[in-house]
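So the chains spell out like this:
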Amino acid sequence: MKKKRILSGMRPTGRMHLGNYVGALENWVRLQGEYENFHLVADWHALTTDLNTDDLHQNTIDMVIDWIAAGIDPQLSPIFVQSQIKEHAELFLLFSMLISTSRLERNPTLKEQIRDLNLEGRISFGHFGYPVLQAADILIYKADLVPVGEDQVPHIELAREIARRFNGLYGQVFPEPEAKLTKFARLPGTDGKRMSKSVGNTILLSDPPEQISKKVMSAITDPQKIYRNDPGHPEICTIFVYHQKFNPTHIPKIENECRSGALGCVDCKRDLAQRLSDFLYPFREKRAELEKDISLVEDILHQGAKRAREVASSTMAEVREAMKLGVVSW
Ligand code: TRP
């Protein structure tokens, strides 16, 4: 039986943090034997919120190194850069005819972005339409599944609508993709808020042990646990969330000893820092290997683009034929 296909995408945000790992990468790695995976670096999407492209190349390299360090096998699952596959732009243009502006305005994820970034009345045309570009990213590979977080679900719904519309008008070309939600809720940053590069509360997959330790030791815990022997409340402690994820076998002990006051925050954090450091050790090794020779990464992206382009150009041939575009034999 043919393997189902997955398209995973992320904007090139540079080095990955534990939040990216738990929220996306870990899932991608887990899914990669069972399905046929395509991994997209969405560099055009990055332009929607940042027109300064000085760091784009480095951010792409850094992110791709972390993907591989985290366990994505580029032989098995091609990794490629969106802007290298021009067919995405062509399909985006065609899809943009199939969707109304009022439908795009109803997209809650976009509404939220407009509010958060203060873009009321001055959002760019490209930013406004980026969910349509995302639909093209997904449908051009005829992906069955798209691993995403909750916030991206409206975009998958939009891709499904566009697929239905296209198929209804021009004949069956696209399957309707489904969102594959990540199980683990968002990982808090060292300040207890959502982990995010822009907030500066991240722990990076590439952080050396000293850095991990420094960040963990300065993270907030239960504000009511002031003295070592004060009873703690694991349910409100950021460090405890990390233990749940990265140190699950010790959870009952940590929970009991924190509650009783037998375990102090300093010891609890030291234990976690050690765990994280051990966990990330193979990531650091792999990263060091790739950093020694960046042409390895460029080669991976080149090979990935070749494989992606094969699929994308064959889908586009089908699309043009279905839409009777570019027929010159009159
Ligand atoms: N829009 C996604 C984000 O902002 C990134 C993305 C682009 C994507 N194309 C995709 C995600 C295709 C999944 C599938 O994070």
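Residues numbered from 1 in each chain as written. Predicted model: local features only at pLDDT ≥ 70, side-chain atom pairs only at ≥ 80, totals over all residues. Heavy atoms only, no water.

## A closer look at the site of the ligand
Right, so step 1: Taken together, Leu7, Gly9, Arg11, Leu40, Ala42, His45, Tyr130, Gln134, Asp137, Ile138, Val146 and Gln152 make up the full set of residues adjacent to the ligand.
Right, so step 2: In the model, a nitrogen atom of the ligand is placed 2.8 Å from a nitrogen or oxygen of the Asp137 side chain.
Right, so step 3: At 3.3 Å from a nitrogen atom of the ligand is found a side-chain nitrogen or oxygen belonging to Gln152.
Right, so step 4: Burial of the ligand by the surrounding chains reaches 90%, relative to a free accessible area of 360 Å².
Right, so step 5: Elements that contribute at least two residues to the shell around the ligand include exactly β1 (5–10) and α8 (130–139).
Right, so step 6: The element contributing the most residues to the shell around the ligand is α8, with four residues.
Right, so step 7: Class assignment for the residues of the shell around the ligand results in six nonpolar, four polar and two charged. (Near = heavy atom within 4 Å. Polar contact = N/O pair within 3.5 Å; in protein donor to acceptor, adjacent residues only side chain to side chain. Areas by Shrake-Rupley, 256 points an atom, 1.4 Å probe, with all protein chains shown as cover. Helix = DSSP H or I, 4+ residues; strand = E, 2+ residues; numbered from the N terminus. Nonpolar A, V, L, I, M, F, W, Y, C, P; charged D, E, K, R; others polar.)

## Focus on empty space enclosed by the protein
Right, so step 1: As enumerated under the stated definition, the model contains one cavity of 30 Å³ or more in all.
Right, so step 2: Around the largest cavity sit 15 residues that line it, and Lys225, Cys237, Cys258, Cys265 and Cys268 are the ones nearest its centre.
Right, so step 3: Of the residues belonging to the lining of the largest cavity, the class tally is nine nonpolar, four polar and two charged. (1 Å grid on protein atoms, 1.4 Å probe; cavity = no way out; pocket = protein on both sides within 12 Å on 5 of 7 lines; lining within 4 Å. Points joined across faces, edges and corners; volume = space filled by probe spheres on them.)

## Quick notes on the packing of helix α3 (residues 56–69) against helix α14 (residues 294–322)
Think of two packed helices as two axes; the pair is described by the angle between the axes and how far apart they sit.
Right, so step 1: Between α3 and α14, the least distance of the axes is 10 Å, while the angle of their chain directions is 85 degrees. Classified by the interaxial angle, the pair formed by α3 and α14 is roughly perpendicular. Here His57, Thr60, Ile61, Val64, Ile65 and Ile68 of α3 lie close against α14, whose contacting residues are Ile294, Val297, Glu298, Ile300 and Leu301.
Right, so step 2: Partitioned by chemical class, the residues of the contact of α3 with α14 number eight nonpolar, two polar and one charged. (Axes fitted to C-alpha atoms, helices over the stretch in contact; angles between N-to-C directions. Parallel < 35°, antiparallel > 145°, perpendicular 65-115°, else oblique. Contact = heavy atoms within 4.5 Å.)

## Notes on the nonpolar core
Right, so step 1: Within the largest apolar cluster, 45 residues are counted, with the highest numbers of intra-cluster contacts made by Leu18, Leu25, Trp67 and Leu276.
Right, so step 2: Of all the elements in the fold, those that place two or more residues in this core are α1 (18–31), α3, β3 (79–81), α10 (209–217), α11 (238–246), α12 (251–260), α13 (265–291) and α14.
Right, so step 3: When residues of this core are sorted by domain, at least three fall in each of domain 1 (5–187 + 294–323) and domain 2 (209–288). (Core = buried A, V, L, I, M, F, W, Y, C linked by side-chain atoms within 4.5 Å. Buried < 20%, exposed > 50% of the residue type's maximum accessible area, 1.4 Å probe, protein only. Domains from an automatic or database assignment.)

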